[in-house]
Amino acid sequence: SQQGEEDPQALSIQEGENATMNCSYKTSINNLQWYRQNSGRGLVHLILIRSNEREKHSGRLRVTLDTSKKSSSLLITASRAADTASYFCATVETSGSRLTFGEGTQLTVNP
Amino acid sequence: GAVVSQHPSWVICKSGTSVKIECRSLDFQATTMFWYRQFPKQSLMLMATSNEGSKATYEQGVEKDKFLINHASLTLSTLTVTSAHPEDSSFYICSAYGQIEETQYFGPGTRLLVL
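Residues numbered from 1 in each chain as written. Chains lettered and ligands numbered in written order. Predicted model: local features only at pLDDT ≥ 70, side-chain atom pairs only at ≥ 80, totals over all residues. Heavy atoms only, no water.

1. Points about the pairing of strand β5 (residues 43-50) of chain A
Residue and element names in this part refer to chain A. Sheet topology note: the strand β4 (residues 29-37)/β5 ladder contains seven bridges and is antiparallel. Paired with L32 across the bridge in β5 is I49. Counted along the chain from β4 to the antiparallel partner β5, the turn is five residues long, and its residue G40 has a positive phi close to 70°. (Pairing = 2+ DSSP bridges. Helix = DSSP H or I, 4+ residues; strand = E, 2+ residues; numbered from the N terminus.)

2. As for the sheet that holds strand β3 (residues 19-25) of chain B
Strand pairs in the sheet, formed through backbone hydrogen bonds, run parallel or antiparallel to each other. Residue and element names in this part refer to chain B. Pairing is antiparallel across the open sheet formed by four strands, whose spatial order is β1-β3-β8-β7. The open sheet has two free edges, formed respectively by β1 (4-7) and β7 (67-73), since each of these has just one partner strand. This sheet shows a mean twist of 15° between the axes of neighbouring strands, independent of strand direction. Bridge count for β7 against strand β8 (residues 76-81) is five bridges, and the pairing is antiparallel. Its bridge partner being in β8, N70 is matched across the sheet by T78. (Axes fitted to C-alpha atoms, helices over the stretch in contact; angles between N-to-C directions.)

3. Overview of the side chain of K66 of chain B
Residues and elements named next belong to chain B. Turning to its location among the elements, K66 is positioned in the loop between β6 (57-58) and β7. At 2.8 Å, the side chain of K66 and the side chain of D88 are in polar contact. When near neighbours in sequence (up to four residues on either side) are disregarded, K66 contacts T80, V81, T82, S83, A84, H85 and D88. (Polar contact = N/O pair within 3.5 Å; in protein donor to acceptor, adjacent residues only side chain to side chain. Contact = heavy atoms within 4.5 Å.)

4. Regarding the sheet that holds strand β7 (residues 61-66) of chain A
All names here are of chain A. The five strands lie next to each other as β1-β3-β8-β7-β6, forming an open sheet whose pairing is antiparallel. For this open sheet the edge positions go to β1 (5-7) and β6 (55-58), each flanked by a neighbour on one side alone. Along the sheet, successive strands turn relative to each other by an average axial angle of 15°, direction set aside. One ladder, built from three bridges, connects β1 with strand β3 (residues 19-24); its direction is antiparallel. Among the inter-strand pairings, D7 is bridged to a residue of β3, identified as N22.

Shape is all these values report; function is a separate question.
Given below as structure tokens:
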């Protein structure tokens, strides 16, 4: 079953703008991960943030995690047309490696 | 990063036939692999967890006799869709778990169309 809810479901921005996507979950987690999926392709791992971390950066990506609110956000700065894709959060519960995916956000970056 | 391949990338078959999809971890050993199904414009739904040398663990609602999983080696897991029907048409994605990185590495997916 899907644990995460993501919003917005769809986001359309202009190149150069920042994109923020949010994810909420329900259970206790060990870590939360963000993935990207281009249309009709497999998933690419973007970043992992552990339950004891609050913020993490990787290039133009910034991820925050608020375990008290059971929510996470993914910020993509200075977006590019090539960032157009679906973005999914996925949680790993306190035991095991099983991922539970959110519903995803479809990001469109217009050139 | 680690590479996971899937074969075939797409397949069209007649209703009633069986289809086998292979998932390989190319540069690392994976004791655990996962099989997902994704319908258009939807998220990934976990079907089963495949453990090398043991029986797969299926998610609730997934028929184990219809979706046969074999994880015979540390680099190969197969999913066989038996007696496929049009409602089995979907995008099937596998992943292999990298213990060191604590992440799943995904294959490129297999698109199945059952006529």
